[in-house]
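# Breakdown of the fold
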Amino acid sequence: MDFKDYSINLCMKACCMYEKLTGKSFLKCVNEEETVYAMYCGYVVNNNINITFNAFLNLMEDEKVANWFVNEYTRMGKFMEQFREEVQSQSGDNKEVEEEDMTITNATTALIFNYGLDPHYVMYEMDLWELPMMLNAAHSQYKLDMEEKRMWAFINVMPHIDHKKCKSAEKLLPFPWDKDNKENIKKKKEKELKNNEYAMKHTIGMTLNI
């Protein structure tokens, strides 16, 4: 095996193949057995090689070959590690990313079919660390588009509705994220109130100590 002609790359297609083979989310790939599946998928997809997993295991019986795969996978893991904090911060506000049962397969199909991203880019060119960023951006754009359509629908029906019962587009057609926005605004106001109370107490305390 001439290693210079091969490489491992965990593109989205490789991650989806891993989930198809194991029945588990790639995001929960932790133990040695699961890592071997990940190496297999990254190898066959990136090099366009059609061999079975059992044939790959036979290939790994060669110590030199096994060491090469482990070293390549470790190198790739170290590269990804530097993006861990950034990925966590990007995914913090996105419920799609926070779901415990989230899979790469669900995320990539959503980007392609729900949000219209280029399939070839998503499956073959996009890196794993880009996924939360793309989901956040695509979902934000989706919400803007839906809210714009809702506003135009509200404007069109305004002459035909009772404005006392329906005062806004949100009342006419509420979206799931409208409730989240209200809760965030409420939390922000509560936080501001607590900060103001603390500032007042601190100021009064300083005044009394003078």
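This report concerns the structure included in the present document. (Residues numbered from 1 in each chain as written. Predicted model: local features only at pLDDT ≥ 70, side-chain atom pairs only at ≥ 80, totals over all residues. Heavy atoms only, no water.)

### A look at the pattern of salt bridges
Tallied over the full model, the rule gives 4 salt bridges. Residue Glu72 pairs with Arg75 through a salt bridge whose shortest N-O separation is 2.8 Å. Linking Glu72 with Arg75, this pair stays in helix α4 (residues 63-81), spanning 3 residues, or about one helical turn. Judged by relative accessible area, Glu72 falls into the buried class, the value being 17%. Overall, Arg75 belongs to the partly exposed group, its relative accessible area being 46%. Between Asp178 and Arg150 there is a salt bridge whose closest N-O contact spans 2.8 Å. Taken together, the residues Asp178 in helix α11 (residues 176-209) and Arg150 in helix α9 (residues 131-157) connect sequence positions 28 residues apart. On the basis of relative accessibility, which here comes to 10%, the residue Asp178 falls in the buried class. Through salt bridges with shared partners, one network takes in Arg150, Glu170 and Asp178. (Salt bridge = Lys/Arg side-chain N within 4 Å of Asp/Glu carboxyl O. Helix = DSSP H or I, 4+ residues; strand = E, 2+ residues; numbered from the N terminus. Buried < 20%, exposed > 50% of the residue type's maximum accessible area, 1.4 Å probe, protein only.)

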